[in-house]
Amino acid sequence: MKTVITYGTFDMFHIGHLKLLERAKELGDRLIVAVSSDELNKVKGKKVIIPYDQRAKIVESIKFVDMVIPEDNWEQKIKDVKDNNVDIFVMGDDWEGKFDFLKEHCEVVYLSRTKNVSTTQFKNSAESIIKLLEQMVKELE
Ligand code: C2G
């Protein structure tokens with residue numbers, strides 16, 4: 001029984017997240033996903049749209065995700081790997097090298113990110129639509 005773990009915010013869940021989780025599961029038999037808490041995202045300086053409980057429920061509902069745990073801080077990874085007998089730690093390659101300290105506890109695999117899709121992109125396009133609408137309203141006044 002090979003256990004895989006990965007971490008993320010998974011805000012506004014999209015195909016890039018799904019393909020990462022899918023490929024992570026393919027590396028083993030059990031996939032644990034640690035979803036970043038709202039508090040941790042404040043520490044990360046990441047403004048999340050969807051609250052933790054909804055982000056966790058969405059990830060938990062994915063058929064090839066076996067367990068979801070909260071990611072409350074940056075320091076919990078070694079304990080998570082030990083407590084869950086993790087064999088493989090997986091992250092997207094935007095994190096390449098950042099978690100190599102885990103190599104003494106488990107295999108560390110960085111998978112390629114899915115191009116042209118990101119939550120930031122969604123947020124930026126939403127903001128530009130709002131600006132456009134505000135401009136149109138101003139012109140009508
Ligand atoms: N991802 C991807 N392709 C995208 C977007 C994201 O493969 N187009 C991957 C990321 O590389 C990451 C996972 O999906 O492995 C989750 O992405 P985020 O929710 O942005 O996670 P992040 O905020 O980077 O949190 O302790 C680690 C952090 O919790 C990672």
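Remember, it's a predicted structure, so these values are computed and weren't measured experimentally. (Residues numbered from 1 in each chain as written. Predicted model: local features only at pLDDT ≥ 70, side-chain atom pairs only at ≥ 80, totals over all residues. Heavy atoms only, no water.)

## A short note on the overall build of the chain
Quick reminder of the rule: For helices the rule is a DSSP run of H or I covering at least 4 residues; for strands it is a run of E covering at least 2, with both sets numbered from the N terminus onward. Exposure classes here rest on a 1.4 Å probe applied to the protein chains alone. A residue is buried below 20% of its type maximum, exposed above 50%, and partly exposed in between. Contact criterion: two residues are considered in contact whenever any of their non-hydrogen atoms come within 4.5 Å of each other. Working definition of accessibility: Shrake-Rupley area with a 1.4 Å probe, residue cover restricted to the visible protein chains. Positive charges are assigned to Lys and Arg, negative charges to Asp and Glu, while His and the chain termini are left out of the count. By convention, the charge on Lys lies at NZ, on Arg at CZ, on Asp at CG and on Glu at CD.
Per the secondary structure count, the chain includes 5 helices and 5 strands. The N-to-C order of helical and strand elements in the chain reads β-α-β-α-α-β-α-β-β-α. Projected onto the principal axes, the alpha-carbon positions of the chain cover approximately 65 × 30 × 25 Å. Counting all 141 residues of the chain, 41% fall into the buried class. Residue pairs in contact within the chain that sit at least 24 positions apart in sequence constitute 64% of those at least 6 positions apart. Just so you have it, the chain exposes about 8,500 Å², and 56% of that area is on carbon and sulfur atoms. Positive and negative side-chain charges in the chain, numbering 22 and 25 respectively, have mean positions lying 2 Å apart.

## Quick word on the pairing of strand β2 (residues 30-36)
The cut-off we apply is this: Whether two strands pair depends on DSSP finding at least two bridges between them. Look down the strands so they point away from you; if the path from the first strand over the helix to the second goes clockwise, the crossover is right-handed.
Buried residues dominate β2, accounting for 6 of its 7 residues. Summarising the sheet, strand β1 (residues 3-8) and β2 pair through 6 bridges and their orientation is parallel. The partner of isoleucine 5 across the bridge, within β2, is isoleucine 32. Running through helix α1 (residues 15-26), the crossover from β1 to the neighbouring parallel element β2 is right-handed. Note that β2 and strand β3 (residues 67-71) share 5 bridges and pair parallel. Residue pairing in the sheet places serine 36 in a bridge with glutamate 71 of β3.

## Some remarks on the pairing of strand β4 (residues 88-92)
Within a regular strand, side chains alternate between the sheet's two faces. In terms of burial, β4 is a largely internal element, 5 of the 5 residues being buried. Neither face of β4 is left uncovered, since the one carrying Ile88, Val90 and Gly92 and the one carrying Phe89 and Met91 both have all their residues buried. Across 5 bridges, β4 lies against strand β5 (residues 107-111) in parallel orientation. Across the sheet, residue phenylalanine 89 finds its bridge partner in β5, namely valine 108.

## A short note on the site of the ligand
For clarity, the cut-off: Nearness of a residue to a molecule or strand requires only that one of the residue's heavy atoms be within 4 Å of it. Residues adjacent in sequence count toward polar contacts only when both atoms are side-chain atoms; beyond that, a polar contact is any pair of N or O atoms within 3.5 Å, and within protein one must be able to donate a hydrogen and the other to accept it. Charged residues are taken to be Asp, Glu, Lys and Arg, nonpolar residues to be Ala, Val, Leu, Ile, Met, Phe, Trp, Tyr, Cys and Pro, and polar residues to be all remaining types, Gly included.
If you check the shell around the ligand, you find 22 residues, and the closest are Lys46, Glu71, Lys77, Asp94 and Val117. A distance of 3.3 Å separates an oxygen atom of the ligand from a polar side-chain atom of serine 36. Residue lysine 44 places a side-chain N or O atom 3.0 Å away from an oxygen atom belonging to the ligand. Of the residues contributing to the shell around the ligand, the split by class is 8 nonpolar, 8 polar and 6 charged.

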